Amino acid sequence: MRQVTATGQTVDEAVQSALVKLDTVIDRVHVDVIDEGKKGIFGVFGSKPAIVKVRVLNDKVKEGEEFLRQVAEQMGITITINTVKKEKEVLYELSGEKIAMLIGKRGQTLNALQYLTHLVVNRNVDGFKTVIIDAEGYRERRNDTLIQLANRLAQKAIQTQKSVSLEPMPSYERKVIHTALQNNNKISTHSDGVEPNRKVVIKPE
Amino acid sequence: MKALIETIVRPLVDHPEAIVITEEENEYKIRYHLTVHENDVGKVIGKNGRIAKAIRTVVYAAGSDVNKKIYLDIM
């Protein structure tokens, strides 16, 4: 945690000098006034400087947003980010031109960015937050595709009476498949393999 | 591209001042070589190379409009 103790003629001055030292702005810090100081007589005799302790608040969600913006900028893409904060989850919705470059084939670039942002947001903190990055509604479109795929392959498993394996997917995409098929009692689903090559297997009952 | 790699790696490590990225280019490919402080190696590689893989994915995506194959070596 970054913090400094600063002194000044008044509390305001002390805070200002602390902000300069920390290279930040007032919105991002927490100020503890240790001593309000005294003007003294004629500003000379018996004067005491004001002392404050200023601590930079770790706004991890903001850091994640900043990280995404910088990475995109370096890739030559200007994006706007809409951040939705929930208790245990942060959703960054990206939009802009050339957003396809950030999604990549089957969302692999988006997933990589999501993982890296997750590391940035959860670095050096106690509680941890799930980070989700969406770009131009990609996640929802992908969910629809996955549900269709799940139903189609479930049919195939029933018709052939053989297990069908899907290709490796990240955990939340597998979850979509499991959820889509959980009420289908002609088949059962489980995941097989070791991350990052874990995949869903649909087994006829 | 070097700046991109640094942007990605900087918030992941404890010693950002020790990040070194070098570049080697020939007719067909560009090879970037990333080194970090020895205590930070695990932070850029991750379990089973998961972080390294994610970094590469993003870097390769950024390099997709260059007509050369891009490689990223870590350490």
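The present account deals with the structure reproduced in this document. (Residues numbered from 1 in each chain as written. Chains lettered and ligands numbered in written order. Predicted model: local features only at pLDDT ≥ 70, side-chain atom pairs only at ≥ 80, totals over all residues. Heavy atoms only, no water.)

Here we look at the overall build of chain A
Thought 1: Tallying secondary structure elements over chain A gives six helices and nine strands in all.
Thought 2: For chain A, the C-alpha radius of gyration of 26 Å lies well beyond 17 Å, the compact-globule estimate for 205 residues.
Thought 3: Summarising its shape, the C-alpha atoms of chain A cover approximately 95 × 35 × 25 Å along the three principal directions.
Thought 4: In the form shown here, chain A has an accessible surface area of approximately 12500 Å², with 48% of it arising from carbon and sulfur atoms.
Thought 5: Across chain A, 31 positive and 26 negative side-chain charges occur, with their mean positions spaced 7 Å apart. (Helix = DSSP H or I, 4+ residues; strand = E, 2+ residues; numbered from the N terminus. Rg over C-alpha atoms; globule rule 2.2 N^0.38 Å. Areas by Shrake-Rupley, 256 points an atom, 1.4 Å probe, with all protein chains shown as cover. Lys, Arg positive; Asp, Glu negative; His and termini not counted. Charge placed at Lys NZ, Arg CZ, Asp CG, Glu CD.)

Remarks on the packing of helix H5 (residues 138-160) of chain A against helix H6 (residues 171-181) of chain A
Residues and elements named next belong to chain A.
Thought 1: Orientation of H5 relative to H6, taken along the N-to-C sense of each, is 50°, at an axis distance of 9 Å. The orientation of H5 with respect to H6, classified from their angle, is oblique. Between H5 and H6 lies a crossing of right-handed hand. Contacts from Arg139, Arg142, Asn143, Leu146, Ile147, Ala150, Asn151 and Ala154 in H5 reach Tyr172, Glu173, Val176, Ile177, Ala180 and Leu181 in H6. (Axes fitted to C-alpha atoms, helices over the stretch in contact; angles between N-to-C directions. Parallel < 35°, antiparallel > 145°, perpendicular 65-115°, else oblique. Left-handed = near helix turned anticlockwise from the far one by under 90°. Contact = heavy atoms within 4.5 Å.)

Looking at the layout of surface pockets
Thought 1: As a volume, the largest pocket reaches approximately 1400 Å³.
Thought 2: Lining the largest pocket are 37 residues; nearest its centre among them are Asn111, Pro170, Ser171 and Tyr172 of chain A together with Arg50 of chain B.
Thought 3: Only strand S5 (89-96), helix H4 (108-121), strand S6 (130-135), H5 and H6 of chain A together with helix H3 (50-62) of chain B provide two or more residues apiece to the lining of the largest pocket.
Thought 4: No other element matches the six residues that H4 of chain A contributes to the lining of the largest pocket.
Thought 5: Across the lining of the largest pocket, the residue classes tally to 13 nonpolar, eleven polar and 13 charged.
Thought 6: Inspection of the lining of the largest pocket shows a minimum of three residues originating in each of domain 2 (60-136) and domain 3 (141-204) of chain A. (1 Å grid on protein atoms, 1.4 Å probe; cavity = no way out; pocket = protein on both sides within 12 Å on 5 of 7 lines; lining within 4 Å. Points joined across faces, edges and corners; volume = space filled by probe spheres on them. Nonpolar A, V, L, I, M, F, W, Y, C, P; charged D, E, K, R; others polar. Domains from an automatic or database assignment.)

Things to note about the side chain of Glu65 of chain A
Residue and element names in this part refer to chain A.
Thought 1: Tracing the sequence through the fold places Glu65 in helix H2 (residues 60-74).
Thought 2: Among the residues examined, Glu65 registers a relative accessible area of 11% and is labelled buried.
Thought 3: The contact partners of Glu65, leaving out residues within four places of it in the chain, are Ile81, Thr83 and Tyr92. (Buried < 20%, exposed > 50% of the residue type's maximum accessible area, 1.4 Å probe, protein only.)

Some details on the pairing of strand S1 (residues 3-8) of chain A
Residues and elements named next belong to chain A.
Thought 1: Of the two faces of S1, only the one carrying Val4, Ala6 and Gly8 is buried; Gln3, Thr5 and Thr7 on the other face are not.
Thought 2: Of the pairings in the sheet, the one linking S1 to strand S3 (residues 50-56) comprises six bridges and is antiparallel in character. Residue pairing in the sheet places Ala6 in a bridge with Val52 of S3. (Pairing = 2+ DSSP bridges.)

Some thoughts on H5 of chain A
Thought 1: Between its first and last C-alpha atoms H5 of chain A spans 33 Å; for 23 residues at 1.5 Å apiece the expected length is 33 Å, and the two agree.
Thought 2: When H5 of chain A is considered as a whole, its buried residues turn out to be Tyr138, Arg139, Arg142, Leu146, Ala150, Leu153, Ala154 and Ala157 of chain A. (Expected span 1.5 Å × (residues − 1).)

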